[in-house]
Amino acid sequence: MSQNLNIKYLVEAAIFAALAMVLSFIPDFFSWFSPSFGAIPLILFALRRGLKYGLLSGLIWGLLHFVLGKVYYLSMSQVFIEYLLAFASMGLAGLFSGRLHQALTDQHTTKATNIALFGAFIATATRYLWHFLAGILFWGSYAPKGVSPVWYSFTVNGTAGAFTLILVAIAILILIRTQRQFFAPQD
Ligand code: 218
């Protein structure tokens, strides 16, 4: 890859991380049950540019929480899991970018849609698996009386993860019909 293309992809990774961070400022009306709006640009970008740049963009998004004072700190290991591992995991959608590009090039729109949705599912499920784990290990004391930490974390993070996946799926369905070249860039 040429030096210029690498720089272009790095700049895109930073721009999409910044977009994700801006959307993270939408107020969370349903507390920890709220969806992550920033997952939309991040997963779309990972599907566009692949695993390496997707993971980088997710990591930048996570790190921006520190710069902007948006980290909920309980302990070092909790912050490492929830703001580095969890956010970087969003880039896993990039595992499917090659197959997505190919399906779009072959004009297989239904196949392309399924690949993109599956990538979004893997990325969102992995991220919320980290939050689920952190919820059991660190957030158990926030569970209502009589609710076990495991069940509490499952309901909270399962709901947030499902809402997030629905938002991302809607964005994918719209973009693949209206701007398919976004997912199959020429350079
Ligand atoms: C049960 C429970 N409550 C809160 C958290 C913390 N959490 C959940 C989802 C997303 C994020 C990242 C910031 O948006 C955080 C810190 C949890 N894991 N489990």
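Scoring rules and cut-offs
- Residues numbered from 1 in each chain as written.
- Predicted model: local features only at pLDDT ≥ 70, side-chain atom pairs only at ≥ 80, totals over all residues.
- Heavy atoms only, no water.
- Core = buried A, V, L, I, M, F, W, Y, C linked by side-chain atoms within 4.5 Å.
- Buried < 20%, exposed > 50% of the residue type's maximum accessible area, 1.4 Å probe, protein only.
- Helix = DSSP H or I, 4+ residues; strand = E, 2+ residues; numbered from the N terminus.
- Contact = heavy atoms within 4.5 Å.
- Near = heavy atom within 4 Å.
- Polar contact = N/O pair within 3.5 Å; in protein donor to acceptor, adjacent residues only side chain to side chain.
- Areas by Shrake-Rupley, 256 points an atom, 1.4 Å probe, with all protein chains shown as cover.
- Nonpolar A, V, L, I, M, F, W, Y, C, P; charged D, E, K, R; others polar.
- Patch = residues over 30% accessible without salt bridge, like charges linked within 9 Å, V, L, I, M, F, W, Y side chains within 5 Å.
- Salt bridge = Lys/Arg side-chain N within 4 Å of Asp/Glu carboxyl O.
- Axes fitted to C-alpha atoms, helices over the stretch in contact; angles between N-to-C directions.
- Parallel < 35°, antiparallel > 145°, perpendicular 65-115°, else oblique.
- Left-handed = near helix turned anticlockwise from the far one by under 90°.

Enquirer: Before we move on, could you go through the nonpolar core and cite the residues and values that matter?
Expert: Across soluble globular proteins, nonpolar side chains show a tendency to be buried alongside one another. Counting 38 residues, the largest nonpolar core has Ile43, Leu44, Leu47, Trp61, Leu100 and Phe183 as the members making the most contacts within it. Every element with two or more residues in this core is listed here: α1 (3-23), α2 (39-49), α3 (51-67), α4 (76-89), α5 (97-105), α6 (109-138) and α7 (149-178). A per-element tally of this core places α2 first, with eight residues. With near-sequence residues (within four places) excluded, Trp61 lies in contact with Ala17, Ala20, Met21, Ser24, Ser36, Gly38, Ala39, Leu42, Phe87, Met90 and Arg127.

Enquirer: Outline the site of the ligand, listing residues and values.
Expert: For the ligand, the full set of nearby residues is Trp32, Glu82, Tyr83, His131, Gly135, Trp139, Tyr152 and Asn157. Interatomic distance of 3.2 Å between a side-chain N/O atom of Asn157 and a nitrogen atom of the ligand. A total of 440 Å² of accessible area belongs to the ligand in isolation, and the protein chains cover 92% of it. For the shell around the ligand, the per-class residue count stands at four nonpolar, three polar and one charged.

Enquirer: Could you give an account of a nonpolar patch on the surface, naming the residues involved and the relevant values?
Expert: Residues Phe25, Leu59, Leu63, Phe66, Val67 and Leu68 make up a contiguous nonpolar surface patch of about 550 Å² in total accessible area. Among the structural elements, Leu63 can be located in helix α3.

Enquirer: I'd love a proper account of the environment of Leu56, names of residues and values included.
Expert: Here Leu56 lies in helix α3. Expressed as a C-alpha distance, the spacing of Leu56 and Phe87, which sit 31 residues apart in the sequence, is 9.8 Å. Leave out the neighbours within four places in its chain, and Leu56 touches Leu10 and Ala13.

Enquirer: If you had to explain the packing of α2 against α7 to someone new, which residues and values would you point to?
Expert: Contact pair α2 / α7: the axes reach a minimum separation of 9 Å and the direction vectors enclose 50 degrees. If you check the angle between α2 and α7, you find them oblique. In terms of crossing hand, the pair formed by α2 and α7 is right-handed. Between α2 and α7, the residues in contact are Ala39, Ile40, Ile43, Leu44 and Leu47 and Thr164, Leu167, Val168, Ala171, Ile172 and Leu175, respectively. Across the contact of α2 with α7, the residue classes break down as 10 nonpolar, one polar and no charged.

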